[in-house]
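Results of the structural survey
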Amino acid sequence: MRNPDDKLSERFETRLSMAVENYLLSIIRLEEQGFRISAALLSEHFKSLPSAEGLGTSLPSVSAMIRRMARESLVKVSAEKQINLTKKGRVFAESILRRHRLAERLAVDILGVDLALAHEEAHRLEHAMSPYLESKIVVLLEYPETCPFGHGIPGSTYKMDNSCITLKDASIGDLYVVDRVPEDDQNLLKYFVNNSFLPGHQITIEDSSSSRGVVELMCESKELVFSIDIASQIWVKQV
């Protein structure tokens, strides 16, 4: 069986630098979360990445890299300083995002890496994955559609479920299934794992208060509380 997503793997024998790949990965992942991308947002986001990535987090260094990427036609910067991927940049961004999420699957499903560490380990693996190795990993994993945290793998047969809503919009008293959770904050990810708050698990909304800025829910007989900000990054589907 040949997976149609192999085209992404075959297209890129020439790779970008690790730093540029990290920028593209961050931009496309922040895009997925609905953020308007700016140099200031990237500067703050890079603080959550593993130190081994070696990315400078100062605003001047981020702005300098964005100017370089603009010269290479990977991004465009609007008059309002919003950063957008070009067509060329998006193709490369989807390629590195695909490798990252395949690396997460490989780490968890095959290597037995603790789920809470999968995101960080994937950052190390993604840059070393050649197109040939990527194609072998896809077969080994039996053509996965999502990463362990519920996010779609670019180029796979994944289709986003349009019935999903953010946790902050969920109704009190209703039963939901977790669809996908954010993975950038290592401490938050450990909290998810330790409390079984993961894709496929059922939850019941106990309270949701914009005035207090929190969402309270039950998951696996445990009461969990999330800020509205975090709840806006968690997607759920009503049972």
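Above this note sits the structure.
Residues numbered from 1 in each chain as written. Predicted model: local features only at pLDDT ≥ 70, side-chain atom pairs only at ≥ 80, totals over all residues. Heavy atoms only, no water.

Each helix and strand counted, the chain has nine helices and eight strands in total. Expected size for 239 residues packed as a compact globule is a radius of gyration near 18 Å; at 18 Å, the chain falls within 12% of this value. Oriented by its inertia axes, the alpha-carbon framework of the chain measures out at about 50 × 45 × 30 Å. Taking the contacts inside the chain whose residues are at least 6 apart along the sequence as the reference set, 64% of them involve residues at least 24 apart. Distance between charge centres in the chain, computed from 28 positive and 34 negative side chains, equals 9 Å. (Helix = DSSP H or I, 4+ residues; strand = E, 2+ residues; numbered from the N terminus. Rg over C-alpha atoms; globule rule 2.2 N^0.38 Å. Contact = heavy atoms within 4.5 Å. Lys, Arg positive; Asp, Glu negative; His and termini not counted. Charge placed at Lys NZ, Arg CZ, Asp CG, Glu CD.)

Another point: the state of the cysteines. Going through the model one piece at a time under the given rule, you end up with zero disulfides. There is no disulfide at Cys147, and the cysteine sulfur nearest it, in Cys164, is 14 Å away. The thiol of Cys219 is unpaired, and the distance to the nearest cysteine sulfur, on Cys164, comes to 16 Å. (Disulfide = S-S within 2.5 Å.)

In this section: the environment of Val214. Along the polypeptide, Val214 turns up in strand β6 (residues 214-219). Residues within four places of Val214 in sequence aside, it is in contact with Asp207, Ser208, Ser209, Val225, Phe226, Ser227 and Ile228.

This part covers helix α5 (residues 87-110). If you check α5, its first and last C-alpha atoms are 34 Å apart, about what 24 residues at 1.5 Å a residue would give, namely 34 Å. Just downstream of α5 lies Gly112, where phi reads positive at about 70°. (Expected span 1.5 Å × (residues − 1).)

Here we take up a nonpolar patch on the surface. Residues Ile110, Leu111, Leu125 and Leu140 make up a contiguous nonpolar surface patch of about 360 Å² in total accessible area. Note that Ile110 resides in helix α5. Residue Ile110 is classed as partly exposed on the basis of its relative accessible area of 41%. (Patch = residues over 30% accessible without salt bridge, like charges linked within 9 Å, V, L, I, M, F, W, Y side chains within 5 Å. Areas by Shrake-Rupley, 256 points an atom, 1.4 Å probe, with all protein chains shown as cover. Salt bridge = Lys/Arg side-chain N within 4 Å of Asp/Glu carboxyl O. Buried < 20%, exposed > 50% of the residue type's maximum accessible area, 1.4 Å probe, protein only.)

Take Gln233: it is sitting in the loop between α9 (228-231) and β8 (235-238). Given a relative accessible area of 17%, Gln233 falls into the buried group. Polar contacts involving the side chain of Gln233 include one to the main-chain carbonyl oxygen of Asp229, which spans 3.4 Å. Among all residues touching Gln233, those that are not within four sequence positions of it are Gln33, Arg180 and Pro182. (Polar contact = N/O pair within 3.5 Å; in protein donor to acceptor, adjacent residues only side chain to side chain.)

Taken as a whole and judged by the stated rule, the model has 16 salt bridges. Notably, a salt bridge pairs Arg90 with Glu31, separated by 2.9 Å at the nearest N-O pair. Of the two residues, Arg90 is situated in helix α5 and Glu31 in helix α2 (residues 18-32); the sequence distance between them amounts to 59 residues. Owing to a relative accessible area of 26%, Glu31 belongs among the partly exposed residues under this scheme.

This brings us to the sheet that holds β8. Read across the sheet, six strands follow the order β3-β8-β4-β5-β6-β7 without closing on themselves; strand pairing throughout is antiparallel. With partners counted over all chains shown, the strands left at the sheet margins are β3 (165-166) and β7 (222-227), one partner each. Judged from the six bridges that link them, β6 and β7 form a sheet pairing that is antiparallel. The residue bridging Cys219 from the neighbouring strand is Lys222, located in β7. (Pairing = 2+ DSSP bridges.)

What follows concerns the environment of Ser156. In this structure, Ser156 sits in the loop between α7 (131-140) and β3. As for Ser156 and Tyr132, which are separated by 24 residues in sequence, their C-alpha atoms are 17 Å apart. A polar atom in the side chain of Ser156 sits 3.2 Å from the backbone nitrogen of Tyr158.

Next up on the list: the packing of aromatic side chains. By the definition in use, this model includes five aromatic pairs. Note on Phe192 and Phe226: the rings are 5.8 Å apart at their centroids and 55° apart in plane angle, and the pair reads as tilted. Of the two residues, Phe192 sits in helix α8 (residues 186-194) while Phe226 sits in strand β7, which places them 34 residues apart along the sequence. You'll find Phe192 and Phe226 in the same group, each marked buried. (Phe/Tyr/Trp six-rings, centres within 6.5 Å; stacked < 30°, edge-to-face > 60°.)

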